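As a plain string of letters, each chain reads:
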Amino acid sequence: MKKCQVVPKSRSSSTSSSVIRNVRYRECQKNHAANIGGYAVDGCREFMASGVEGTTGALTCAACGCHRNFHRREVETEEVQNNGELDADHGTIYLEYLETFMVNMNSLLASEA
(Lines give C-alpha, C1' and ligand atoms only; values in the text may rest on other atoms or scores of the structure.)
Protein backbone atom coordinates (compact mmCIF):
# COMPACT_ATOMS: atom_id res chain seq x y z
CA MET A 1 0.00 0.00 0.00
CA LYS A 2 1.32 3.40 -0.92
CA LYS A 3 0.12 6.65 0.59
CA CYS A 4 1.08 10.14 -0.45
CA GLN A 5 1.00 13.14 1.87
CA VAL A 6 1.87 16.72 0.92
CA VAL A 7 3.20 18.90 3.73
CA PRO A 8 3.63 22.64 3.03
CA LYS A 9 6.98 24.05 4.07
CA SER A 10 7.86 27.63 4.98
CA ARG A 11 6.66 30.18 2.42
CA SER A 12 8.46 33.18 1.01
CA SER A 13 7.03 35.93 -1.19
CA SER A 14 8.33 34.64 -4.55
CA THR A 15 8.79 30.90 -4.13
CA SER A 16 7.56 28.17 -1.83
CA SER A 17 8.32 24.52 -1.41
CA SER A 18 6.37 21.47 -0.37
CA VAL A 19 7.56 18.18 1.04
CA ILE A 20 5.92 15.09 -0.43
CA ARG A 21 6.00 12.01 1.78
CA ASN A 22 5.39 8.61 0.22
CA VAL A 23 4.59 6.00 2.86
CA ARG A 24 4.81 2.27 2.12
CA TYR A 25 4.26 -0.63 4.47
CA ARG A 26 6.67 -3.47 3.81
CA GLU A 27 7.20 -6.91 5.36
CA CYS A 28 5.15 -8.13 8.32
CA GLN A 29 7.12 -8.25 11.57
CA LYS A 30 4.49 -9.87 13.79
CA ASN A 31 5.94 -12.63 15.98
CA HIS A 32 3.39 -15.46 15.77
CA ALA A 33 5.26 -17.63 18.28
CA ALA A 34 5.64 -15.05 21.06
CA ASN A 35 3.15 -16.82 23.34
CA ILE A 36 5.36 -19.95 23.46
CA GLY A 37 8.63 -18.05 23.77
CA GLY A 38 9.75 -18.49 20.16
CA TYR A 39 10.13 -16.31 17.12
CA ALA A 40 8.29 -16.95 13.85
CA VAL A 41 7.13 -14.54 11.16
CA ASP A 42 4.62 -15.42 8.44
CA GLY A 43 6.68 -14.29 5.44
CA CYS A 44 4.30 -11.58 4.20
CA ARG A 45 6.48 -9.27 2.10
CA GLU A 46 4.25 -6.19 1.70
CA PHE A 47 1.03 -4.80 3.16
CA MET A 48 -2.01 -5.01 0.87
CA ALA A 49 -5.18 -3.42 2.24
CA SER A 50 -8.17 -5.72 2.29
CA GLY A 51 -10.65 -2.82 2.08
CA VAL A 52 -11.00 0.66 0.65
CA GLU A 53 -9.52 3.73 2.34
CA GLY A 54 -11.64 4.94 5.25
CA THR A 55 -12.92 1.51 6.31
CA THR A 56 -11.56 -0.86 8.96
CA GLY A 57 -10.54 -3.24 6.17
CA ALA A 58 -8.01 -0.65 4.99
CA LEU A 59 -5.97 -1.37 8.13
CA THR A 60 -5.98 -5.18 7.71
CA CYS A 61 -3.54 -6.94 5.37
CA ALA A 62 -5.22 -9.09 2.74
CA ALA A 63 -2.19 -11.40 2.54
CA CYS A 64 -1.53 -12.22 6.19
CA GLY A 65 -4.53 -10.81 8.10
CA CYS A 66 -2.39 -8.69 10.44
CA HIS A 67 -2.98 -5.05 11.32
CA ARG A 68 -1.01 -2.47 9.32
CA ASN A 69 1.03 -1.54 12.43
CA PHE A 70 2.81 -4.93 12.29
CA HIS A 71 4.29 -4.05 8.88
CA ARG A 72 7.54 -2.11 8.64
CA ARG A 73 6.86 1.50 7.68
CA GLU A 74 9.04 3.05 4.99
CA VAL A 75 8.88 6.81 4.36
CA GLU A 76 10.37 8.52 1.31
CA THR A 77 10.48 12.32 1.31
CA GLU A 78 10.83 14.59 -1.69
CA GLU A 79 10.99 18.39 -1.74
CA VAL A 80 9.16 20.15 -4.57
CA GLN A 81 9.67 23.83 -5.44
CA ASN A 82 6.56 25.82 -6.44
CA ASN A 83 6.23 29.40 -7.58
CA GLY A 84 3.83 31.81 -5.85
CA GLU A 85 1.44 31.93 -8.83
CA LEU A 86 0.73 28.21 -8.59
CA ASP A 87 -0.11 28.51 -4.88
CA ALA A 88 -2.41 31.49 -5.57
CA ASP A 89 -4.23 29.55 -8.31
CA HIS A 90 -4.83 26.59 -6.01
CA GLY A 91 -6.15 28.90 -3.30
CA THR A 92 -8.56 30.56 -5.75
CA ILE A 93 -9.85 27.22 -7.00
CA TYR A 94 -10.38 26.02 -3.43
CA LEU A 95 -12.28 29.20 -2.48
CA GLU A 96 -14.54 28.86 -5.53
CA TYR A 97 -15.25 25.23 -4.57
CA LEU A 98 -15.96 26.24 -0.96
CA GLU A 99 -18.36 29.00 -2.04
CA THR A 100 -20.24 26.57 -4.33
CA PHE A 101 -20.43 24.02 -1.53
CA MET A 102 -21.85 26.57 0.93
CA VAL A 103 -24.49 27.73 -1.58
CA ASN A 104 -25.56 24.13 -2.19
CA MET A 105 -25.71 23.39 1.56
CA ASN A 106 -27.77 26.52 2.26
CA SER A 107 -30.27 25.65 -0.49
CA LEU A 108 -30.50 22.07 0.84
CA LEU A 109 -31.14 23.27 4.37
CA ALA A 110 -33.74 25.79 3.15
CA SER A 111 -35.61 23.09 1.22
CA GLU A 112 -35.76 20.85 4.32
CA ALA A 113 -37.17 23.59 6.55
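So, here's what we can say about the structure. Here the structure is a predicted model, which is why all the values come from computation and not from measurement. (Residues numbered from 1 in each chain as written. Predicted model: local features only at pLDDT ≥ 70, side-chain atom pairs only at ≥ 80, totals over all residues. Heavy atoms only, no water.)

Section: the overall build of the chain
Regarding its fold elements, the chain presents one helix and three strands. Of the regular secondary structure in the chain, the N- to C-terminal order runs β-β-β-α. Split into buried and exposed, the 113 residues of the chain put 17% on the buried side. Residue pairs in contact within the chain that sit at least 24 positions apart in sequence constitute 46% of those at least 6 positions apart. (Helix = DSSP H or I, 4+ residues; strand = E, 2+ residues; numbered from the N terminus. Buried < 20%, exposed > 50% of the residue type's maximum accessible area, 1.4 Å probe, protein only. Contact = heavy atoms within 4.5 Å.)

As for a nonpolar patch on the surface
Residues Leu 95, Tyr 97, Leu 98, Phe 101, Met 102, Met 105 and Leu 108 make up a contiguous nonpolar surface patch of about 650 Å² in total accessible area. Residue Tyr 97 is classed as exposed on the basis of its relative accessible area, which comes to 54%. (Patch = residues over 30% accessible without salt bridge, like charges linked within 9 Å, V, L, I, M, F, W, Y side chains within 5 Å. Areas by Shrake-Rupley, 256 points an atom, 1.4 Å probe, with all protein chains shown as cover. Salt bridge = Lys/Arg side-chain N within 4 Å of Asp/Glu carboxyl O.)

Topic: the environment of Phe 47
Among the structural elements, Phe 47 can be located in the loop between β2 (15–28) and β3 (71–83). Along the chain, Phe 47 and Arg 24 lie 23 residues apart, while their C-alpha atoms are 8.1 Å from each other.

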